[in-house]
Amino acid sequence: MEKTLVIIKPDAVERGLAGEIISRLTNKGLKIVACELRLIDKDLARRHYKEHEGKTFYDELVDFITRSPSFVMVLEGPGETWKIVRNMMGATDPAEAAPGTIRGDLALEVTENLIHGSDSQDAAQAEIELFFPQFTKPAS
Ligand code: DAT
Ligand code: MG
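Residues numbered from 1 in each chain as written. Chains lettered and ligands numbered in written order. Predicted model: local features only at pLDDT ≥ 70, side-chain atom pairs only at ≥ 80, totals over all residues. Heavy atoms only, no water.

S.K.: Any chance you could explain the packing of helix α2 (residues 18–28) against helix α5 (residues 81–89) here in plain terms?
M.R.: Pairs of packed helices are described in terms of their axes, by the angle between the two and the distance that separates them. At a minimum axis distance of 11 Å, the contact between α2 and α5 shows a crossing angle of 135°. Classified by the angle between their axes, α2 and α5 sit oblique to one another. Where α2 crosses over α5, the handedness of that crossing is right-handed. When α2 is examined against α5, the residues Arg 24, Leu 25 and Lys 28 are found in contact with a partner set consisting of Ile 84, Val 85 and Met 88. Residue composition of the contact of α2 with α5, by class: four nonpolar, no polar and two charged. (Axes fitted to C-alpha atoms, helices over the stretch in contact; angles between N-to-C directions. Helix = DSSP H or I, 4+ residues; strand = E, 2+ residues; numbered from the N terminus. Parallel < 35°, antiparallel > 145°, perpendicular 65-115°, else oblique. Left-handed = near helix turned anticlockwise from the far one by under 90°. Contact = heavy atoms within 4.5 Å. Nonpolar A, V, L, I, M, F, W, Y, C, P; charged D, E, K, R; others polar.)

Printed below as a string of structure tokens:
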């Protein structure tokens with residue numbers, strides 16, 4: 001079984017779309033193995049989006065992801081779970097995302113694109129550790 005990290009972003013929670021997005025992912029057959037409604041703070045947001053530090057949209061991205069609670073989940077499937085989720089999310093820019101995808105059906109703007117999913121198995125591992133350290137590190 002492989003796990004991946006999904007963040008249902010503040011725009012989705014604000015718009016009441018968390019249930020719709022969770023349904024799509026669990027109807028596919030993925031299983032929720034951890035979840036939390038959580039206000040992501042600036043420190044965690046900066047660590048999560050470290051790869052984008054210095055880009056023009058970085059500050060806007062950090063402000064956006066910290067503005068209200070996100071629904072953060074670990075999803076599990078029989079293999080390549082991160083890839084299944086990425087395909088269901090659609091392209092980063094909702095204008096490019098195919099109909100039938102979460103972003104293609106439900107979003108209009110690149111910043112407010114509803115959902116984050118890890119983009120590789122290594123990223124999934126690191127992101128699960130960042131958001132749910134209690135599940136990945138032995139108790140001390
Ligand atoms: P993804 O979320 O599809 O993995 P990413 O990792 O390249 O995309 O970027 C992270 C987030 O940053 C993305 O969901 C929305 C925002 N973003 C990316 N490119 C952007 C751009 N050109 N302008 C504004 N926001 C952007
Ligand atoms: Mg990304």
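Having seen it, we continue.
S.K.: Honestly, the sheet that holds strand β2 (residues 31–38) in this entry has me stumped. Any pointers?
M.R.: One key point about sheets: their strands pair by backbone hydrogen bonds, in either a parallel or an antiparallel sense. The four strands lie next to each other as β2-β3-β1-β4, forming an open sheet whose pairing is antiparallel. Sheet topology places β2 and β4 (115–117) at the edges, where each strand pairs with a single neighbour. The sheet shows a mean angle of 20° between the axes of neighbouring strands, direction not considered. Contacts between α5 and the sheet are confined to β1 (2–8), β3 (70–77) and β4, with β1 contributing the most and set at about 30° to the helix. (Pairing = 2+ DSSP bridges.)

S.K.: Could you clarify how one ought to interpret the pairing of β3 in this entry?
M.R.: If a strand is regular, its side chains alternate between the two faces of the sheet. In terms of residue burial, β3 counts as a mostly covered element, since eight of its eight residues are buried. Judged by which residues are buried, β3 turns out to be covered on both faces: Ser 70, Val 72, Val 74 and Glu 76 on one side and Phe 71, Met 73, Leu 75 and Gly 77 on the other are all buried. (Buried < 20%, exposed > 50% of the residue type's maximum accessible area, 1.4 Å probe, protein only.)

S.K.: Please explain the nonpolar core as it appears in this structure.
M.R.: A general trend in soluble globular proteins is that nonpolar side chains are found buried together. Counting residues in each nonpolar core, the largest one holds 20 residues, and the members touching the most others are Val 6, Ile 8, Ile 21, Leu 25, Met 73, Leu 114 and Ile 115. Taken together, the elements giving at least two residues each to this core come down to β1, α2, β3, α5 and α6 (102–106). Looking at which element gives the most residues to this core, the answer is α2, with four residues. When sequence neighbours within four positions are dropped, the list of residues in contact with Ile 21 reads Ile 8, Ala 12, Ile 102, Leu 106, Leu 114 and Ile 115. (Core = buried A, V, L, I, M, F, W, Y, C linked by side-chain atoms within 4.5 Å.)

S.K.: What's the story with the side chain of His 52 in this structure? I'm lost.
M.R.: Relative to the assigned elements, His 52 resides in the loop between α3 (42–48) and α4 (58–65). For His 52, the residues in contact, after removing those within four places along its chain, are Phe 57, Tyr 58 and Leu 61.

S.K.: Teacher, can you tell me more about the site of ligand 1 here?
M.R.: Around ligand 1, a shell composed of Lys 9, Tyr 49, His 52, Phe 57, Leu 61, Arg 86, Thr 92, Arg 103, Val 110, Thr 111 and Asn 113 is seen. Contact between ligand 1 and His 52: an oxygen atom at 3.0 Å from a side-chain N or O atom of the residue. With respect to ligand 1, the side chain of Arg 86 contributes an N or O atom lying 2.8 Å from an oxygen atom. (Near = heavy atom within 4 Å. Polar contact = N/O pair within 3.5 Å; in protein donor to acceptor, adjacent residues only side chain to side chain.)

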